[in-house]
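# Notes for the structure review
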Amino acid sequence: MASSHSREQFDIAIVGGGPSGRIAALALAQQGLSCVLIAPTVDQQDGRTTALWQRSIDLLRDIGVWPAIEGNSEALKKMRMIDSTGRLFRAPEVVFDCSELGLEEFGFNILNSELNVVLEKACAAQPGLEMLADTVETAEFGDEQATLFTSGGRTISARLAVAADGRKSTLREAAGIEVKSWSYPQVAVVLNLEHRLPHQQISTEFHTSTGPFTLVPLPGRQSSLVCVETAEGAAKLLAMTDEELETELERRAHSILGSFKLASKPQSFPLAGLTATSLVGPRLALVGETAHVFPPIGAQGLNLSMRDIRDLTTIVAAARLSHADIGSRPLLASYEKKRFSDIRSRTNAVDVLNRSLLTEFLPVQAVRSAGMYLTGKLGPLRRILMREGLAPGTAFQLHR
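I will try to describe carefully the structure that is included in this document. Keep in mind it's a predicted model, so treat the numbers as computed, not measured.

Turning to the overall build of the chain, a few remarks are in order. On a plain count of helices and strands, the chain comes out with eleven helices and 20 strands. In the chain, buried positions account for 54% of the 400 residues. A sequence separation of at least 24 residues applies to 72% of the contacts in the chain between residues at least 6 apart. Looking at the chain as shown, the accessible area adds up to about 17500 Å², and 54% of this sits on carbon and sulfur atoms.

Set out below in structure tokens:
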């Protein structure tokens, strides 16, 4: 256990350098609490992108970073789903249009590297937030405080620790919180493309027998691609020359955006799922991928994490105003209760959709096709699904 220097005391210690950790640090520090963010230097090479829905953008506006993000992002105004499975039961094309909900756009898509730069600068400038470029080796959780021991020999104590340190979380493990994890026979190949035709701010998701093949608009004539394949299929794609890969991806996209040119190096990620058995421990709250992981379908990952952060911040802010203990068991229990159903429903929905694409069982294929058919034909059903996808629990509320 590393501990060579004097103990440093904060109200809240946030651990994790991804978007979830930095957004949580900004949101909590802006409540007038002393915070420390323990995170390694930001990854400037992350070529992946993130689609942010309206509720997430509202949070980014609240913490003052959205103006710096918006200029590097692309609006998403329509979402198109196309059955490209080639099976007996094939669904008709479905188009979700933001205008049906009276919205200007569903959200925006941005490169993770651009998002990370904005968040890092905002954290460095945030009063009441200390930045510690370090990692946590281990932690202890007592009745009164959490104590974190860093690789650099620092000892940090806080009334509340927020674990945003990912699926292999040191804090979660130190607190003894178990996880339920599973894997899929799939690998996501991720890259960015330049294309000859304009995307017209339409995100297109082809449903294939190995998983989604999704093109999401970026600024200009560029789009991000997530191609879900078998491990063998992904290996074949990654072994291709740039020219071969461009031709193959254009074929799979049915040339809807014309010819392709690679705009980033392909990355690959085995698909897996994870849920923590509890979202809290003594003096500890889990957010983001520390608490939940699932395949990149429907752009639900970071948007779910942002709802974790908003709910935790709201609860902590109310406790501070009432002079209550921000890391007490009752407060943490209220956070877990508030988040549980949202996390469970999102995880289950993504899992069911993903497995429905993989199955060869004809009745399941028929049900999925019928569901897409009804979604395309029935406006009220389509609008309910759009609202629930953007902001769970609001499907039957009035929208602007």
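A word on the pairing of strand 3 (residues 49-53). The buried fraction of strand 3 amounts to four of the five residues, a majority that puts the element mostly inside the structure. Bridging between strand 3 and strand 7 (residues 107-111) involves five bridges; their strand directions are antiparallel. Across the sheet, W53 pairs through a bridge with G107, a residue of strand 7.

This paragraph deals with the environment of S157. Within the element layout of this structure, S157 appears in strand 11 (residues 155-163). Residue classification places S157 among the buried positions, given a relative accessible area of 0%. Sequence-wise, S157 and F141 are 16 residues apart; in three dimensions their C-alpha atoms are separated by 9.7 Å.

Before going further, it helps to spend a moment on the packing of aromatic side chains. Counted by the stated rule, this structure contains two aromatic pairs. For the pair F206 and F213, a centre-to-centre distance of 6.0 Å together with 65 degrees between the ring planes defines the contact as edge-to-face. The pair F206 / F213 is uniform in exposure class, with both members buried. Positioned above the aromatic ring of W182 is the side chain of K180, whose terminal nitrogen or guanidinium carbon lies 5.7 Å from the ring centre.

Attention now moves to the packing of helix 1 (residues 19-29) against helix 4 (residues 112-125). Interaxial distance between helix 1 and helix 4 falls to 10 Å at its minimum, and their mutual angle equals 30 degrees. The orientation of helix 1 relative to helix 4 falls into the category roughly parallel. The crossing of helix 1 and helix 4 is left-handed. Residues P19, R22, I23 and L26 of helix 1 pack against L115, N116, L119, E120, A122 and C123 of helix 4. Taken together, the residues of the contact of helix 1 with helix 4 sort by class into seven nonpolar, one polar and two charged.

So, about helix 6 (residues 231-239). Those residues of helix 6 not exposed but buried are G233, A234 and L237. Along helix 6, the residues classed as buried sweep out an arc of 100 degrees about the axis, all on the same side. Across helix 6 from its buried face, at more than 90 degrees, point the exposed residues A231, E232, K236 and A239. Buried positions along helix 6 lie against strand 12 (179-195), strand 15 (222-229) and helix 7 (242-252).

The next point concerns the sheet that holds strand 4 (residues 74-76). Pairing within the open sheet is antiparallel, and its three strands lie in the order 3-7-4. Looking at which strands have only one partner, the edges of the open sheet turn out to be strand 3 and strand 4. Here the strands of the sheet are splayed against their neighbours by 30 degrees on average, with no regard to which way each runs. Packed on one face of the sheet, helix 4 meets strand 3 and strand 7 and runs near 90 degrees to strand 7.

Cut-offs applied
Residues numbered from 1 in each chain as written. Predicted model: local features only at pLDDT ≥ 70, side-chain atom pairs only at ≥ 80, totals over all residues. Heavy atoms only, no water. Helix = DSSP H or I, 4+ residues; strand = E, 2+ residues; numbered from the N terminus. Buried < 20%, exposed > 50% of the residue type's maximum accessible area, 1.4 Å probe, protein only. Contact = heavy atoms within 4.5 Å. Areas by Shrake-Rupley, 256 points an atom, 1.4 Å probe, with all protein chains shown as cover. Pairing = 2+ DSSP bridges. Phe/Tyr/Trp six-rings, centres within 6.5 Å; stacked < 30°, edge-to-face > 60°. Lys NZ or Arg CZ within 6 Å of the ring centre and 35° of its normal. Axes fitted to C-alpha atoms, helices over the stretch in contact; angles between N-to-C directions. Parallel < 35°, antiparallel > 145°, perpendicular 65-115°, else oblique. Left-handed = near helix turned anticlockwise from the far one by under 90°. Nonpolar A, V, L, I, M, F, W, Y, C, P; charged D, E, K, R; others polar. Arc of directions from axis to C-beta.

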